[in-house]
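The chain contents come next:
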Number of protein chains: 2
Amino acid sequence: MSEIAILGAGYMGSAISFPLRANGHGVRLWGTWLDDELVRGCREGRHPRLKKPLPEGVRIYDSTRLEEALDGARAVFFGIASEGFEPVYRKLLEYMDPEVPVFSLTKGFVPLGERLLRTSEAAETLSRERPDARKPRWVSIGGPVKAVELSDGIPTASVYATGDPGLRDSILSFRTPVYRTIPGHDLIGLELCASLKNAYAILLGICDGLYRGEAGRLFDNVKALFLTACVGELATYVRSAGGSDRTVYGLPGMGDLQVTAQSGRNRRFGELIGGGTPANEAYRTMYEAGEIAEGYHAVRHGWEYARMLDPGLPSRLPILSALRGILAEEIPVRKAVDGLVEGYPYR
Amino acid sequence: MSEIAILGAGYMGSAISFPLRANGHGVRLWGTWLDDELVRGCREGRHPRLKKPLPEGVRIYDSTRLEEALDGARAVFFGIASEGFEPVYRKLLEYMDPEVPVFSLTKGFVPLGERLLRTSEAAETLSRERPDARKPRWVSIGGPVKAVELSDGIPTASVYATGDPGLRDSILSFRTPVYRTIPGHDLIGLELCASLKNAYAILLGICDGLYRGEAGRLFDNVKALFLTACVGELATYVRSAGGSDRTVYGLPGMGDLQVTAQSGRNRRFGELIGGGTPANEAYRTMYEAGEIAEGYHAVRHGWEYARMLDPGLPSRLPILSALRGILAEEIPVRKAVDGLVEGYPYR
C-alpha cells in the first residue's frame, strides 16, 4: 500500500480512485486549473460528473497545490486530456522524482510544436528536456472503461503497457476482484488503439444515422461488417507502426472500440453526420452543448501520423481515408459508405 | 448465370435467394418436410418468416420434388439446421451429380452415430458411403448475417471457405454491391466459429440478465471484457483444432459473435438464466414458445468436441467450461461469472 497522486479530477482520474482506495492505497486527487468546479463538488461531497461521493479517505488538492499533492507520492496516475498533456506534464516534471512511475490514462495524439506524438513519445521528449534527461518510468493504460461504471464497481479490465518490467508488481497491486489490471509491453499498439478507436467509432455512428432513418429496419449486419473491418484496419496500422496484433484483437483495440461504438460522443457525432448534418455543423452543435467529439481530431491526427510513419500507409487505410473525406465534406456520406461496402474486403 | 438449387426454405435458405436473383442466377427453392407451411406461404406471395414476397422468378418446390429441384442445377445452397443435416444430405447424395458444389449455411456440430463432426467432416463421411466415394466439393459459409437484413438489402458480408480453389469464380459470382462474398480456405476455423458463437453469446446474455436488473446502471465494461475474452478463447480453440486466428478475428468469429450477442435467441436464453431462471426451465420455456436456444447444445457439443480433439483442451477453455457448469446447474450463475471476472486474464 503506498501513496498515489492522481492528476486530473475529470471522469477517469476520479473513477480510478475507487479501485485504488479499495486496495488500501493512500490517494491524493489533484484538479487542474480547469477542474475547479469538479474539485469544489468533491469537497461538497459529490463528484459532479460521476454523480456520487468519492471513496472515503481520498484527499483533494486544487490546482495551486500540485507540489504538495506529489510530495511523498510513490506513483502518479495521469488523468489529463490530450490537449492538456504538455502543460500538465511539464508541471509534473518540475516537482516529481524521476523514479516515480507515471500511469497514463490520456488517450489521443499529443501535438508538440510541429510534431504529433503518441503519449509515451511525448513524455520521453519532454523528459529529455530536463537537466538530468532521465527517461520516464511510463505506463499507458488502455481497454474498454467507462468511468462511471468503474466507479460503480461494474467488472472492468485494462491493459497496463510499459517498457519497464520492474513495474509489474505495482500494476498487479491495483487489482481488485472487479478491476482486472493486465501487465503488457506493447506501448505502440495500445496508444494507437486508444487514439484511433475514437476515429473508427464515428463510422459505426454513421451507420446508425444512415440506416436508423429507414423505419423499422435493423442493420446489425452492416455494423458487424464495419466493426470487423475497422479492427482489421487498426491491425494494419498498428503492425506498420511496429506494434502487435494481439493488442488490437484484445481489450485496447476490439474491446475499447466495441464500447466506444456502442455509446459516447463519437458515435453520436457520426450519427448526426449519417443523418445528414454536415460534419462541421455537427461538431459545432455538439461543441456548443459542451460535448467535444474527439474523433474529429483523431481522424485528422491518425491520418497525419500514418503518413509520417510511412507515406504509403494511408492508401492501405480505406476507412480512415473515407472518414477524412467525409469530415472534410469532400465526399457525401452515403457515397463514402456505399464505396466502403462495395470495396470490401480491402485486400 | 446458372441454375442454383437452395435446400431449406427457412430464414437463411430463403434470404440467400435475394442476392442470387439480383445476380441473375436461376433459383429453385426446395422446402424440407418440415417446411410445408413456409412453402405454402411463399406460394401465396409472402414468406411467413421474412414477412415479404420472395424475389421475382424464384421457383418453389415442395418436399416431394427434390429430384426435380436438383435437375440441371449447377450449385446447391444447403440451408438446413444441423439436426436435419444427416437426412437431407443423404437425400441430396441420392440425386446429385458429385461435381456440383455445395455451399453450406448450416451452423453447429452434426451428430453422426456416436460421433460429433463439423459440417464438412460430416459431408465427407456421408459422401464416402456412396458407391463412388467421391469427396464433395464443399464450401462452408460464415459471418454476421441476420437473414431478414440480407433480404432487406442491408449491406452484408460472408466468408465462403473451401478446400477447392476451383470454386473461387462461383463464390465471386454471388457478390452484389450490398452482399460481399469473400473466398477463404479455413474450413476448420469457420465451422468452429459458426457453431461456438451460439455458445459464447449465452455469456453475453447472462450479463444482460445479471446486471440489467440493477436499475439504472450501465454495464458496457463487463460486456466488452467478456466479448474480448470469448473471442480470445475461440482463438485458443480454433488454433488447437488446426484452424486460423484470422478467421476468429474476422467476420466468422468476432463479427458473428457480435451480432449473435446483440440479439437473437441465445442471448435471450442467457438473459433468462442471468435473471435467475434455472437453465433447464429457461430452455423449456423458450422451446414451448417455439424458440430453440441452439447455444444450449453448442455448449455441450463444443465441450465434447474439444475433449475429443485434445483431452487437455477443455481446461484451457474457462468460459466454455463455466457455461457447461451453469447449464448443468452445477454452479450458480453469479458465482460462475464472478469467478470468470476474478480469474481474468486466463493465461
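Above this text is the structure in question.
Small disclaimer: the values here were computed from a predicted structure and weren't measured.

> Account for the nonpolar core, naming residues and giving values.
If you look at the biggest cluster of nonpolar residues, it comprises 190 residues, and the most contacted ones within it are Leu7(A), Phe226(A), Phe269(A), Leu7(B), Phe226(B), Tyr237(B) and Phe269(B). In this structure Phe226(B) touches Leu203(B), Leu204(B), Cys207(B), Val337(B), Leu340(B), Val341(B) and Tyr346(B), once residues within four positions along its chain are discounted.

> Got a sec to walk through the relation of the copies chain B and chain A? Specific residues and values, please.
Two chain copies, one operation linking them: a rotation about an axis together with a shift along it. Each copy of the sequence occupies a distinct position, and chain B is placed on chain A by a rotation of 180° and an axial shift of 0.0 Å, giving an RMSD of 0.0 Å. On this basis, the relationship between the two copies can be described by a two-fold rotation axis. Minimal C-alpha distance to the rotation axis in chain B is attained by Tyr249(B), lying at 3.4 Å. Of the residues that chain B buries at the interface, 100% are likewise interface residues in chain A, meaning the two copies contact each other through the same surface.

> Any chance you could break down the pattern of salt bridges for me, citing the residues and the numbers?
Under the definition given, this model contains 56 salt bridges over all chains. Residues Asp310(A) and Arg316(A) are paired through a salt bridge, measuring 3.8 Å at the closest nitrogen-oxygen approach. Judged by relative accessible area, Asp310(A) falls into the partly exposed class, the value being 27%. Lys146(B) is the salt-bridge partner of Glu149(B), the closest N and O atoms lying 4.0 Å from each other. Residues Glu149(B) and Lys146(B) agree in their burial class; the two are buried. Via salt bridges that share partners, Asp208(A), Arg212(A), Lys223(A), Arg267(A), Arg268(A) and Glu271(A) belong to a single interconnected network.

> Explain empty space enclosed by the protein to me, using residue names and the numbers behind them.
On inspection of all chains with the given rule, the structure shows four cavities of 30 Å³ or more. By volume, the largest cavity amounts to about 120 Å³. The wall of the largest cavity is formed by Gln258(A), Val259(A), Gln262(A), Leu204(B), Asp220(B), Lys223(B), Ala224(B), Leu227(B), Gln258(B), Ala261(B) and Gln262(B). Broken down by secondary-structure element, the contributors of at least two residues to the lining of the largest cavity are helix 11 (251-262) of chain A together with helix 9 (220-241) and helix 11 (251-262) of chain B. Residue composition of the lining of the largest cavity, grouped by class: five nonpolar, four polar and two charged.

> Help me get a handle on the pairing of strand 2 (residues 26-30) of chain B, residues and values and all.
Residues and elements named next belong to chain B. Summarising burial for strand 2: five of the five residues are buried, a large majority. Of the two faces of strand 2, both are covered, the one formed by Gly26, Arg28 and Trp30 as well as the one formed by Val27 and Leu29. Examined bridge by bridge, strand 1 (residues 3-7) and strand 2 share five bridges and lie parallel to one another. Note that in strand 2 the partner of Ala5 across the bridge is Arg28. Following the backbone out of strand 1, through helix 1 (residues 11-22) and into the adjacent parallel strand 2, one traces a crossover that is right-handed. In terms of strand pairing, strand 2 meets strand 3 (residues 59-61) through three bridges, oriented parallel.

> Now, about the sheet that holds strand 1 of chain B: what can you tell me, with residues and values included?
Residues and elements named next belong to chain B. What the eight strands build is an open sheet, ordered 3-2-1-4-5-8-9-10; its pairing is mixed. Whereas interior strands pair on both sides, the edge strands pair on one side only; in this sheet they are strand 3 and strand 10 (179-184). The mean angle between the axes of side-by-side strands here comes to 25°, regardless of whether they run parallel or antiparallel. As paired strands, strand 5 (residues 102-104) and strand 8 (residues 138-142) are joined by three bridges and run parallel to one another. Pairing of Val102 across the sheet is with Trp138, part of strand 8.

> Explain the interface of chain B and chain A residue by residue, including any values.
On the side of chain A, 43 residues touch chain B, which itself brings 43 residues to the contact. Regarding the contact of chain B and chain A, the summed buried area is about 3800 Å², with carbon and sulfur atoms giving 60% of it. If you sort the residues of chain B by the area they bury against chain A, Pro155(B), Asn221(B) and Met254(B) come out on top, with a joint share of 17%. At the junction of chain B and chain A, the tally comes to two salt bridges. Lys146(A) is the partner of Asp220(B) in a salt bridge, and the nearest nitrogen-oxygen pair spans 2.5 Å. With eight residues, helix 9 of chain B is the largest single contributor of residues to the side of chain B that touches chain A. Classifying every residue of the side of chain B that touches chain A by side-chain character gives 24 nonpolar, nine polar and 10 charged.

> Can you tell me about the packing of aromatic side chains, naming the residues and giving the values?
Given two aromatic rings, their pairing is described by the distance between the two centres and the angle made by the two planes. Taken as a whole and judged by the stated rule, the model has 39 aromatic pairs over all chains. Consider the rings of Trp30(B) and Trp33(B), whose centres lie 6.3 Å apart with planes at 70°: the pair is edge-to-face. Trp30(B) sits in the buried class, given a relative accessible area of 0%. Taking the centre distance of 6.0 Å and the plane angle of 25° together, the rings of Tyr211(B) and Phe219(B) count as stacked. Each of the two residues, Tyr211(B) as well as Phe219(B), counts as buried. Ring-pair connections join several aromatic residues into one group, and the members of that group are Phe77(A), Phe103(A), Tyr160(A) and Phe174(A).

> Residue-level account of the environment of Ser127(B), with values.
Residues and elements named next belong to chain B. Position of Ser127 relative to the elements: it lies in helix 5 (residues 119-128). Classification of Ser127 as buried rests on a relative accessible area of 1%. Beyond its immediate stretch of four places on either side in the chain, Ser127 contacts Tyr89, Leu93, Ala133, Arg134 and Pro136.

> Could you give an account of the sheet that holds strand 5 (residues 102-104) of chain A, with specific residues and numbers?
Residue and element names in this part refer to chain A. Taken in spatial order, the eight strands of this open sheet run 3-2-1-4-5-8-9-10, and their pairing is mixed. Single-partner strands in this sheet number two, and they are strand 3 (59-61) and strand 10 (179-184). Taking each pair of neighbouring strands and ignoring which way they run, the sheet shows an average axis angle of 25°. Alignment of strand 1 (residues 3-7) against strand 4 (residues 75-78), held across four bridges, turns out to be parallel. Paired with Leu7 across the strands is Phe78, a residue of strand 4. Against the sheet, helix 4 (residues 85-95) engages strand 1, strand 2 (26-30), strand 4, strand 5 and strand 8 (138-142), with an angle of about 170° to strand 4.

Rules and cut-offs
- Residues numbered from 1 in each chain as written.
- Chains lettered and ligands numbered in written order.
- Predicted model: local features only at pLDDT ≥ 70, side-chain atom pairs only at ≥ 80, totals over all residues.
- Heavy atoms only, no water.
- Core = buried A, V, L, I, M, F, W, Y, C linked by side-chain atoms within 4.5 Å.
- Buried < 20%, exposed > 50% of the residue type's maximum accessible area, 1.4 Å probe, protein only.
- Contact = heavy atoms within 4.5 Å.
- Least-squares fit on C-alpha atoms with pLDDT ≥ 70 in both.
- Salt bridge = Lys/Arg side-chain N within 4 Å of Asp/Glu carboxyl O.
- 1 Å grid on protein atoms, 1.4 Å probe; cavity = no way out; pocket = protein on both sides within 12 Å on 5 of 7 lines; lining within 4 Å.
- Points joined across faces, edges and corners; volume = space filled by probe spheres on them.
- Helix = DSSP H or I, 4+ residues; strand = E, 2+ residues; numbered from the N terminus.
- Nonpolar A, V, L, I, M, F, W, Y, C, P; charged D, E, K, R; others polar.
- Pairing = 2+ DSSP bridges.
- Right-handed = clockwise from strand over helix to strand, strands pointing away.
- Axes fitted to C-alpha atoms, helices over the stretch in contact; angles between N-to-C directions.
- Buried area = accessible area lost by both parts, 1.4 Å probe.
- Phe/Tyr/Trp six-rings, centres within 6.5 Å; stacked < 30°, edge-to-face > 60°.

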